[in-house]
Every structure is written in C-alpha cells, then in structure tokens.
Amino acid sequence: MSEIEREDVGACPSCEAIDRRVFVERASILAASALLSLGVPRRVLAMMRPIPVDAIARRGSTVSYPVPAADGAQIDKSNGVIITRWQGVVIAFNLACPHQRAPLRWNGQDAQFECPKHHSHYLPDGTYVSGRATRSMDRLAITKTASGVEVNLDQMFKEPDNPATWKAAEVTV
C-alpha cells in the first residue's frame, strides 16, 4: 500500500463511523424488507436468524423499538427483550426462560423459541410446547405508537398468574 493510500484510510473527517453491530442490524432489516418486497414468503423470512436490535429510545423503564418489518424475532440483549412479529401481531418477551432463566434462542427452522439449557420449546406467541419448563414465556407490557412499539420493562405477565392479561399483552400491526 502506498503512502497516499495509507493516508486515505480513515481520513474522512466528515464521514460518520458506524459500529459493526448497528451496521449488521440495519443490513439485516434492509435485507428482510427487500426479500419481503420481492415476494419471499413470510414463513421463509421467519427462518432467518434473529436480528440483534437496540432500543431506539428509553424513558425510565420504557424502551421503544421500530415495528419489525417481517415475521421473526429481534433480540435486545442489553435490555433482556425479545420483540417478535408473527402473523400480524407484535409481542415483547423477557429474554430469560421461565424455567431457570437461561437466555432463549429463536429456532427459525421450527419457527419456535428454545431454551438451550433444558430444551424447552415455545411457539412464536410464547406458548409452552415441551421441555422442562412448566409455563409459557413471560410477556412484557407493549403498546403501539406512531413510530413503533413501546415496551415497559417493569410490567411482566406470567401466563399462569393471569391468562387473560398474558394473552392481551400484544399489539396488532
């Protein structure tokens, strides 16, 4: 590499650097949107890996997210939240398995969540299917806004405590 080429690398003071995680997140959303617009079925998009996401805003215990562009899961590790869009509904879940609090994973091939510790399985709406867990995934309070969805991290609903409230913790898109 010549001296001039070395000087040009990173020498754009007006260019804003973007962190790798943000780039991957934005590229994933753009790719999913492009595939959806090209007619790729939502079930195929749901098999994609979960998209890492960060909250776009935070006020106290309330975090805001854009509405996911397609069916599938988005995971915000820093806030311990899973945002899932599935068949016209957006639901926010606690990232931890209700059995022993291990972080849940999205299995796109089966369109289910899975606990890697004891292999409990959950449907995209958080309903318990099988494994060592004894109940469905914990949902967080969610509301639709003009710019996306807001999730209240202090309001968690456990299905056996109040099934009607647990089921109502979703928004239609």
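Everything discussed here concerns the structure shown above.
Visitor: Got a minute to help me understand the overall build of the chain in this structure?
Guide: If you tally the helices and strands in the chain, you get four helices and 13 strands. Scored against the burial criterion, the 173 residues of the chain give a buried share of 39%. Restricting to contacts in the chain with at least 6 residues of sequence separation, those with at least 24 account for 43%. On the chain, roughly 9,900 Å² of surface is accessible, and the fraction owed to carbon and sulfur atoms is 53%.

Visitor: Quick question: what am I supposed to make of the side chain of S120 here?
Guide: You can see S120 is positioned in the loop between strand 8 (112–114) and strand 9 (121–122). Contacts of S120, omitting those with residues within four sequence positions, involve F113, E114, C115, S130, G131, R132 and A133.

Visitor: I keep staring at the pattern of salt bridges and nothing clicks. Help me out?
Guide: It is possible for side chains bearing opposite charge to pair when their charged atoms get close. In the structure shown here, the tally under the stated rule is five salt bridges. Between D138 and R101 there is a salt bridge, with its nearest N and O atoms 3.7 Å apart. Separated by 37 residues along the polypeptide, D138 in the loop between strand 10 (128–130) and strand 11 (139–144) and R101 in the loop between strand 6 (89–94) and strand 7 (105–107) bring together distant segments of the chain. A salt bridge links D138 to R135, with the shortest nitrogen-to-oxygen separation between them at 2.2 Å. Of the two residues examined, D138 and R135, each falls in the buried class.

Visitor: Just to check I follow, could you spell out the sheet that holds strand 8 for this structure?
Guide: Pairing between the strands of a sheet is mediated by backbone hydrogen bonds and can be parallel or antiparallel. Taken together, four strands build an open sheet; the order of strands is 7-8-9-10 and the sheet is antiparallel. The open sheet is flanked by strand 7 and strand 10, the only strands paired with a single partner. By the bridge criterion, three bridges tie strand 7 to strand 8 in an arrangement that is antiparallel. Bridging from a neighbouring strand, R105 pairs with E114 of strand 8.

What counts as what
Residues numbered from 1 in each chain as written. Predicted model: local features only at pLDDT ≥ 70, side-chain atom pairs only at ≥ 80, totals over all residues. Heavy atoms only, no water. Helix = DSSP H or I, 4+ residues; strand = E, 2+ residues; numbered from the N terminus. Buried < 20%, exposed > 50% of the residue type's maximum accessible area, 1.4 Å probe, protein only. Contact = heavy atoms within 4.5 Å. Areas by Shrake-Rupley, 256 points an atom, 1.4 Å probe, with all protein chains shown as cover. Salt bridge = Lys/Arg side-chain N within 4 Å of Asp/Glu carboxyl O. Pairing = 2+ DSSP bridges.

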